[in-house]
Amino acid sequence: SESAMSLCTVVEIALQFESFRNIDLFHQGLYHLKTRIYRDDESRALAVPHSHLKGPTLVSEPVKGKAPRVDHHNLIPAHLNEELYTFSTRSFLIRYCEEEVELGDVGQFRLELGPSELERRQPLLLEVELMFADLTQPSGENLGDQPDVESAEFRCVSTQVLRLRGVERGLHDFCPVVFDECHFCLLNLAVHSAVLDLRFRLRPKQLAAAKPKVAGPAPRAGAKGEEDSEGGESRGGEVGLPAVVKHSKKSLNNDGSEDHDQERPPSSWQAAPPPALSMAEALFAEELNRPVEHSRLMQLAEGLYRRHIGVLSSSYVQQVAWFKLICERCLTPLQREALFGRTENGDVVLPSELGIDVLRLPKGMLMPQLPNPSGVRASGSTAGISSLKPAAGFECTSGERVLQESILARIAESGESFTPHSVARLLAYDLNAVSCQILELWHQALNVVAFCYREISSMLRTQWEERIIDQWSLSIVREKMSSNLAEPENKSIGDAHTAAAENLRKTVKPRSPELASIEDTTLLPSIEQRPVLFDQRCVGVAGMDIKGIPHPSVWESRVPSAPKQYRGVHLFVLCHGFQGNSFDMRLMKNNIALLYPDAIFLCSQSNEDNTEGDFQEMGIRLAQEVGNFICDWCPGTALGRLSFIAHSIGGLIVRSAIPHLQDFRDKMFTILTFSSPHVGYFLKNISLFHLGLKVLQSWRGSQCLTQLSMADADDPRKTMIYKLSQTPGFEYFQNVVLVSCFSDSYGPFDSARVEIGNMLGMHTAQEAYKEIVQNLWKNVKPERVFRFDVNFHIPENNLDTFIGRAAHIQFLECQPVMRMLIHNFSFLFR
């Protein structure tokens with residue numbers, strides 16, 4: 001039962017949809033986002049959508065005498081569905097890769113929280129559905145300039161679930177919503193919340209979500225268990241129906257008995273205490289049924305005022321701080337004058353405090369201290385909020401009697417006697433007065449949010465990036481590497497890292513989420529399931545290289561959205577491995593595109609049918625492909641940086657291409673290889689993988705595998721691997737990143753790290769191997785080299801794990817590793 005002396009807290013949640021970007025959607029068509037909010041507990045009570053706003057229009061005025069141009073990014077306006085308790089953004093047409101849609105829609109939800117719910121601090125779940133309608137004509141014609149949206153039938157193709165924490169504390173946070181791999185697109189979303197009111201209600205039956213959605217792709221349309229709901233939207237089962245509606249339908253059990261109607265509990269249940277029928281009964285409870293001393297009633301009245309009015313005044317202070325913050329950081333002086341200025345003697349005058357009135361409180365109540373907006377963190381609560389938590393007692397310990405005298409005087413003026421009922425009526429009046437002021441300020445803030453939604457998202461995004469970097473850092477171990485790149489100090493570093501990774505997963509505890517924040521339930525796996533990354537570099541603890549010069553990783557901002565320090569575009573060339581294709585590098589490309597929207601990508605296709613040929617020929621084909629792409633997409637001075645990302649033998653193909661790309665060597669920035677055998681394979685190691693490699697090499701006559709095993713010449717110094725080590729390559733790049741995995745047999749550990757380690761004895765030509773390693777590092781500055789050793793959590797024990805292939809493939813499929821690199825080492829990709 002609800003606690004006595006407490007009211008329900010009315011929370012409003014505003015969803016700010018900034019933009020939508022198509023990164024790798026497979027289908028052209030009409031899309032929109034559908035959202036709903038519900039409690040993450042047994043009740044699954046739904047928040048009620050009640051209104052929405054839209055940002056300033058971006059469509060130019062139609063030319064006089066001509067028909068207005070169709071806005072393909074606003075074909076169906078944003079709307080509410082009161083039956084399903086959902087808010088849907090505008091519907092927009094997606095036709096191109098990397099197409100971006102400015103949304104600017106703001107959806108408003110309200111939810112009432114009882115005192116016990118506030119005490120439990122249960123988060124809310126925000127469900128975001130990607131809705132799709134195929135507008136392609138049966139004849140295969142394109143969508144055209146006048147798409148037929150009247151007959152569009154939407155279906156959910158993917159779902160993402162976010163956890164909202166601390167909405168009752170004043171939430172202002174940002175979270176990019178990324179859908180599943182088959183629908184790789186990005187929604188930039190910010191969430192704002194505020195406590196608007198405290199109310200007494202005869203609690204109605206609550207509508208609840210029937211079951212939580214699971215993030216990921218939706219079942220295909222027409223699958224078993226799906227029905228078409230009204231409005232042309234297809235949903236799985238009856239997920240959209242409130243539980244009360246669904247369970248009111250009678251059904252028969254196997255024995256023929258009817259299921260019990262939830263609206264009428266069985267007589268065997270213990271009856272709950274009857275709900276309060278008036279506000280006085282809710283506040284004073286048993287005090288109504290017995291005589292109460294005047295002093296006792298006065299203490300209770302003051303405690304109720306300080307408790308409930310204190311909640312609203314804290315909420316008001318939070319909103320004032322947030323309002324001033326966004327006006328200061330997101331509006332220009334001219335915009336502030338246009339929004340808040342008034343004309344005096346022909347001049348525009350900006351009123352002090354932006355026209356925000358001082359909160360009018362009952363006499364004897366003090367407003368909480370307003371923090372300095374410049375020192376306020378934009379995310380989370382911005383003021384003292386201890387009053388939001390139900391207190392243990394309500395007696396006021398202060399000797400101040402101003403509030404008590406004010407309550408007594410105002411009740412006397414109304415002609416009533418001093419009773420619990422008169423106190424409840426006066427408190428209801430004062431709560432309503434304060435609530436009206438909060439509501440006015442809240443709508444002022446929402447108008448600013450709708451006006452400058454891009455700037456607000458950018459401000460909040462920086463803090464989200466900082467938080468994600470800190471969370472990924474728990475699984476990153478930083479180590480100092482010797483300046484002698486060829487010979488490591490610890491030649492058993494692989495075994496040491498394996499033991500350290502297992503220990504880290506058992507001992508490190510995840511950071512507690514912030515009191516007011518948005519949590520993406522799919523972005524960060526648990527500590528036990530995360531890969532562990534060992535970051536080895538020649539940069540010391542003070543952030544200096546061996547010559548005392550600060551490394552860019554120190555002086556550059558660590559957040560990916562920080563401004564870049566160069567002109568032009570950053571071109572990433574992604575090269576696949578043995579018997580692979582350009583699709584292998586799709587996930588890596590998509591994850592980079594999420595954080596760096598200005599980058600352009602070339603997923604190499606020139607060697608898809610020739611990965612068993614000669615490395616020199618494959619390098620020439622790649623160089624020609626890169627040169628043609630730059631001429632077409634980055635002509636003149638448009639190219640700012642050129643980086644290469646390669647998997648497996650793709651690293652050697654890239655190195656073979658570099659001598660043919662001398663015209664762009666001043667632009668070369670980062671070369672990142674995932675488990676690439678730069679020094680070939682060690683064929684003295686009689687493992688199942690190496691036996692298979694020998695069979696494949698002899699059976700198929702693969703020139704590529706022959707060169708990798710240094711069997712293409714009798715003299716090891718005349719082999720392709722040796723000759724390639726003598727050509728320029730790594731020294732052209734500002735960052736050389738070698739990613740390896742000790743359990744990966746397809747990319748031998750020492751070969752992927754280009755070092756002389758414990759595996760030297762397994763090589764067929766040890767002296768030549770040493771010379772190859774020395775050649776590769778001869779002209780490379782040590783401070784530019786990064787060795788990342790990844791330890792994957794692979795619970796399955798199968799053939800792939802046994803032969804070392806599972807870890808090799810993880811570099812293409814494990815998104816946590818990709819995100820860890822891209823977020824925490826942004827200086828490599830910016």
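Since this is a predicted model, take the numbers as computed values, not measurements.

Novice: Before we go on, may I ask you to explain the side chain of Ser709 in this structure?
Specialist: Structurally, Ser709 is set in the loop between helix H15 (703-708) and helix H16 (720-725). The exposure class assigned to Ser709 is buried, which follows from its relative accessible area of 5%. At a separation of 3.0 Å, a polar atom in the side chain of Ser709 contacts the main-chain carbonyl oxygen of Leu705. Polar contacts involving the side chain of Ser709 include one to the main-chain carbonyl oxygen of Thr706, which spans 3.2 Å.

Novice: When you look at helix H12 (residues 615-633) in this model, what are you seeing that I'm missing?
Specialist: Along an α-helix, residues three or four apart share an orientation, since each turn contains 3.6 residues. If you check H12, its first and last C-alpha atoms are 27 Å apart, about what 19 residues at 1.5 Å a residue would give, namely 27 Å. Within the span of H12, buried status applies to Phe615, Met618, Gly619, Leu622, Ala623, Glu625, Val626, Gly627, Phe629 and Ile630. The inward-facing, buried residues of H12 contact strand S20 (569-575), strand S21 (600-603), strand S22 (639-647), helix H13 (650-657), H15 and H16.

Novice: Explanation requested: the sheet that holds strand S3 (residues 48-54) in the structure shown.
Specialist: One key point about sheets: their strands pair by backbone hydrogen bonds, in either a parallel or an antiparallel sense. Here we have five strands laid out as an open sheet, ordered S3-S7-S1-S11-S10, and antiparallel in their pairing. Here the strands that pair on one side only, and so sit at the sheet edges, are S3 and strand S10 (172-178). The average undirected angle you get between the axes of adjacent strands in this sheet is 25°. Where strand S1 (residues 8-25) meets strand S7 (residues 100-113), twelve bridges bridge the pair, whose relative direction is antiparallel. Paired with Ser19 across the strands is Glu102, a residue of S7.

Novice: Just checking my understanding: could you explain the pattern of salt bridges for this structure?
Specialist: Note on pairing: side chains with opposite charge can pair once their charged atoms come close. Scanning all chains against the criterion turns up 25 salt bridges. One salt bridge in this structure joins Glu98 and Arg21, with 3.0 Å as the shortest N-O distance. Placement of Glu98 in the loop between strand S6 (92-94) and S7 and of Arg21 in strand S1 is noted, with a sequence separation of 77 residues between them. Judged by its relative accessible area of 5%, Arg21 is buried. Two residues, Glu487 and Lys491, come together in a salt bridge whose shortest N-O distance is 4.0 Å. Overall, Glu487 belongs to the partly exposed group, its relative accessible area being 35%.

Novice: It is not clear to me how the nonpolar core should be interpreted in this structure. Could you clarify?
Specialist: In terms of nonpolar packing, the biggest core is built from 141 residues, with Phe20, Leu33, Ile645 and Phe829 touching the most fellow members. Among the elements that make up this core, the one with the highest residue count is helix H4 (residues 294-330) (17 residues). Residues in contact with Leu33, not counting those within four places in the same chain, are Phe17, Phe20, Phe87, Ser88, Thr89, Phe92, Leu103, Val128, Glu129, Leu130, Phe179 and Leu187. Counting 57 residues, the second largest nonpolar core, distinct from the first, contains Met668, Phe730, Phe733 and Trp777.

Novice: Looking at this model, I keep getting lost on the pairing of S10. Mind explaining?
Specialist: Side-chain positions along a regular strand alternate between the two faces of the sheet. Counting buried residues along S10, seven of its seven residues qualify, which places the element largely inside the surrounding structure. The side-chain alternation of S10 yields two buried faces, one formed by His172, Phe174, Pro176 and Val178 and the other by Asp173, Cys175 and Val177. With seven bridges joining them, S10 and strand S11 (residues 183-199) adopt antiparallel strand pairing. Bridge pairing links Cys175 to Leu189 in S11. Remark: four residues form the turn of the hairpin made by S10 and S11, two consecutive strands paired antiparallel.

Conventions used here
Residues numbered from 1 in each chain as written. Predicted model: local features only at pLDDT ≥ 70, side-chain atom pairs only at ≥ 80, totals over all residues. Heavy atoms only, no water. Helix = DSSP H or I, 4+ residues; strand = E, 2+ residues; numbered from the N terminus. Buried < 20%, exposed > 50% of the residue type's maximum accessible area, 1.4 Å probe, protein only. Polar contact = N/O pair within 3.5 Å; in protein donor to acceptor, adjacent residues only side chain to side chain. Expected span 1.5 Å × (residues − 1). Contact = heavy atoms within 4.5 Å. Pairing = 2+ DSSP bridges. Axes fitted to C-alpha atoms, helices over the stretch in contact; angles between N-to-C directions. Salt bridge = Lys/Arg side-chain N within 4 Å of Asp/Glu carboxyl O. Core = buried A, V, L, I, M, F, W, Y, C linked by side-chain atoms within 4.5 Å.

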